[in-house]
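Listed below, chain by chain, are the residues.
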Amino acid sequence: MPTPLVVSDVAKSFTMHLRDGIKLPVVAGVSFSIRSGECTVLGGPSGAGKSSILKMLYGNYAVDEGQIIVQHEDGLIDLATASPRTVLAVRRLTIGYVSQFLRTVPRVSALDVVAEPLVERGEDREVARSKARALLAQLNLPEKLWMLPPATFSGGEQQRVNIARGFITEHPILLLDEPTASLDARNRDVVIALIAAKKAAGVALLGIFHDHDVREAVADRLIDVTAFAAGKIAA
Amino acid sequence: MTDEPLLRVSALSKFYGSRVGCENVTFDLWPGEVLAVVGESGSGKTTLLNCLSTRLLPSSGTASYRMRDGQFRELYRMSEAERRFLMRTDWGFVHQNPADGLRMTVSAGANVGERLMAVGDRHYGKIRATAVDWLSRVEIDEDRIDDEPRAFSGGMRQRLQIARNLVTGPRLVFMDEPTGGLDVSVQARLLDLLRGLVTDLGLAAIVVTHDLAVARLLSQRMMVMKDGRVVESGLTDRVLDDPRAPYTQLLVSSILQV
């Protein structure tokens, strides 16, 4: 099975210059790969570095050491050293990401927030909007909210907008940071079904799921992040 | 998407006597990219913007711009007339104070129309129609077209200045604190408008701001300046979520949470 993303010996720490340069190690020696058509789950307690790993894979956090090799278009790219412009292209075409919280933009409707990643990939705006409508309906977001900016939505409503935005494209790799955290049971089941459909379409998924039932339902493989505890390697 | 940048800047420095304006700035800007330059006052960001837009000549370094014919031209070797032509047609410059970018004593319509006439448009009806169209795109009612910007609010003036700059279909727009001095609600509206226009028109832009929220909303890439030097650069969300340089950490940690 193809492995479109391979992580090897990645290390990450934060240096707090305003606190006398204290170094906070996060993870070290992170090595794993993910496979197309599978959902790999990062496990471990809060603070183990799960989100930090996802953020490095999306280029949102800098990488101190190691390589993150991703299959992008017809070549391989090391995200740990790629230029900002390359990372933007990888985000547009190759790696999708559902963050924990939706970052809202004033005055942009929920529908356009969801349609935007498709439009960025060159899809016609109306086609993108009709796909967005279908996804929002599937996620049971009341139709009267679609034309409103999501800033005033409840946590669960914002999260569903965020999920729709992440799932609307056909990125071959999809990162999920607790997509079901603030959802009720009915909508959790919808997300489980959406993940199953992505797997069937050959997408490689990597996620963090605190909800035990969801994890059981979607995980093909579990990676225990405590194995990458920074202290352990350094010692 | 083209594989060549629109603007190439290499080792650009500007000294005022022995004082540093900006020093050794190097970057490329591609079509459709928005680059934010952030830093506190005196960090050199406005000096850099003025050098790039050739309003100021640098002490050393080069900047070359890809013209519409695909050829790169060295900005500081162009004649004054060529630079002015570029400024009038292919570039825009949005000033912090709209009064610096508008003609305050001619009508709103004329402010927009003037840039069109500068690129050779002569048909009155066409110019007026385009002006009306652009005023509506920046959310100014058609019945204000004959009013002078003096009679406009700060937010409206700024939107008019944006219309005046974008009407010629520029490929590169320089913005100096475009939301500075506006009320927060007016800022949000302007930012949203700018964001939409930049995306729809595929503009490249260099935005100087001290407001990190503005940088987050408008730009994909960011440069942080201090004492005339670039102390950190990268993807905007990377720089803001994982700041590495001491000064960037100070800036990010100083944002007030609401």
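Residues numbered from 1 in each chain as written. Chains lettered and ligands numbered in written order. Predicted model: local features only at pLDDT ≥ 70, side-chain atom pairs only at ≥ 80, totals over all residues.

Section: the overall build of chain B
Then, number 1: The helix and strand tally for chain B stands at 10 helices and 10 strands.
Then, number 2: What you see for chain B is a C-alpha radius of gyration of 18 Å, in line with the 18 Å of a compact globule of 258 residues.
Then, number 3: Taken across its 258 residues, chain B has 45% of its residues classed as buried.
Then, number 4: For chain B, the proportion of contacts with a sequence separation of at least 24, taken over those separated by at least 6, is 64%. (Helix = DSSP H or I, 4+ residues; strand = E, 2+ residues; numbered from the N terminus. Rg over C-alpha atoms; globule rule 2.2 N^0.38 Å. Buried ≥ 20, exposed ≤ 12 C-beta atoms within 10 Å, placed from the backbone. Contact = placed C-beta atoms within 7 Å.)

Observations regarding the overall build of chain A
Then, number 1: For chain A, the helix and strand inventory stands at eight helices and nine strands.
Then, number 2: Here chain A has a C-alpha radius of gyration of 18 Å; the compact-globule value for 235 residues is 18 Å, and the two agree.
Then, number 3: Each principal axis of the C-alpha atoms in chain A carries an extent, and together these give about 55 × 40 × 35 Å.
Then, number 4: Sorting the 235 residues of chain A into buried and exposed places 40% on the buried side.
Then, number 5: Contacts in chain A between residues at least 24 apart in sequence constitute 72% of all its contacts with a sequence separation of at least 6.

Re the interface of chain B and chain A
Then, number 1: Taken together, the contact pairs 17 residues of chain B with 14 residues of chain A.
Then, number 2: When residues of the side of chain B that touches chain A are traced back to their parent elements, those giving at least two are α7 (184-201), β10 (229-235), α9 (236-241) and α10 (246-253) of chain B.

Comments concerning the sheet that holds strand β6 (residues 91-94) of chain B
Residues and elements named next belong to chain B.
Then, number 1: Pairing in this open sheet of six strands is mixed, and the strands run β6-β7-β8-β3-β9-β10 from one edge to the other. Two strands in the sheet have a free side with no partner beyond their single neighbour: β6 and β10. Sheet twist, expressed as the mean angle between neighbouring strand axes with direction ignored, is 15°.
Then, number 2: As paired elements, strand β9 (residues 221-226) and β10 share six bridges and run antiparallel to each other. Each residue of the ladder has a partner; that of Met-223, found in β10, is Ser-233. (Pairing = 2+ DSSP bridges. Axes fitted to C-alpha atoms, helices over the stretch in contact; angles between N-to-C directions.)

Re the nonpolar core
Then, number 1: In this structure, Leu57(A), Val114(A), Ala164(A) and Val37(B) are the most contacted members of the largest nonpolar core, which totals 129 residues.
Then, number 2: Per-element accounting of this core gives the leading share, six residues, to helix α3 (residues 110-120) of chain A.
Then, number 3: For Ala164(A), the contacting residues outside a window of four places in its chain are Val114(A), Ala132(A), Leu135(A), Leu136(A) and Leu139(A). (Core = buried A, V, L, I, M, F, W, Y, C linked by C-beta atoms within 7 Å.)

Here's the deal with the sheet that holds strand β2 (residues 19-29) of chain B
Residue and element names in this part refer to chain B.
Then, number 1: Taking strand neighbours across the sheet as the criterion, the four strands line up as β2-β1-β4-β5 in an open arrangement whose pairing is antiparallel. Each edge of the open sheet is held by one strand with a lone partner, namely β2 and β5 (72-74). Ignoring which end each strand starts from, the neighbouring axes of this sheet average 20° apart.
Then, number 2: Alignment of strand β1 (residues 7-16) against strand β4 (residues 60-66), held across five bridges, turns out to be antiparallel. What sits directly across from Val-9, in β4, is Ala-63.

Things to note about the UniProt feature "domain: ABC transporter" (unreviewed entry) in chain B
Then, number 1: When the UniProt feature table is mapped onto this chain, "domain: ABC transporter" (unreviewed entry) is found at residues 7-252 of chain B.
Then, number 2: Taken end to end, residues 7-252 of chain B comprises 40% helix and 26% strand; its first and last C-alpha atoms sit 28 Å apart. (UniProt positions renumbered as here; feature names shortened; annotations may be inferred.)

Let's talk about unusual backbone geometry
Then, number 1: For Glu73(A), which is not glycine, the phi torsion reads 55° and is therefore positive.
Then, number 2: Position of Glu73(A) among the secondary structure elements: in the loop between β4 (65-72) and β5 (75-78).
Then, number 3: Of note in this structure, Asp227(B) is not a glycine but carries a positive phi near 50°.
Then, number 4: Take Asp227(B): there are 13 C-beta atoms within 10 Å of it, and that puts it in the partly exposed class.

Description of the pairing of β1(B)
Residue and element names in this part refer to chain B.
Then, number 1: Where β1 and β2 come together, seven bridges link them in antiparallel fashion. Looking across to β2, one finds that Lys-14 is bridged to Cys-22.
Then, number 2: Between β1 and β2, which follow one another and run antiparallel, lie two residues, and Gly-17 among them has a positive phi close to 60°.

A few points about helix α2 (residues 84-93) of chain A
Then, number 1: Looking at α2(A), one finds that the buried residues are Val87(A), Val90(A) and Arg91(A). Projected down its long axis, α2(A) shows its buried positions confined to an angular sector of 100°, all on one face.
Then, number 2: Packing partners of the buried residues in α2(A) comprise β4, β5 and β6 (95-98) of chain A together with β10 of chain B. (Arc of directions from axis to C-beta.)

A few points about helix α4 (residues 125-138) of chain A
All names here are of chain A.
Then, number 1: Relative to the 20 Å expected for 14 residues at 1.5 Å per residue, α4 spans 20 Å between its end C-alpha atoms, a close match to the ideal helical length.
Then, number 2: Residues of α4 that are buried include every one of Ala-128, Ala-132, Leu-135 and Leu-136, and no others. Projected down its long axis, α4 carries its buried residues within an arc of 95°, all on one side. Exposed and oriented more than 90 degrees from the buried face of α4 are Glu-126, Val-127, Ser-130 and Ala-134.
Then, number 3: Considering only its buried residues, α4 is in contact with α3 and α5 (155-167).
Then, number 4: One or two steps after α4, the chain reaches Asn-140, where phi turns positive at roughly 60°. (Expected span 1.5 Å × (residues − 1).)

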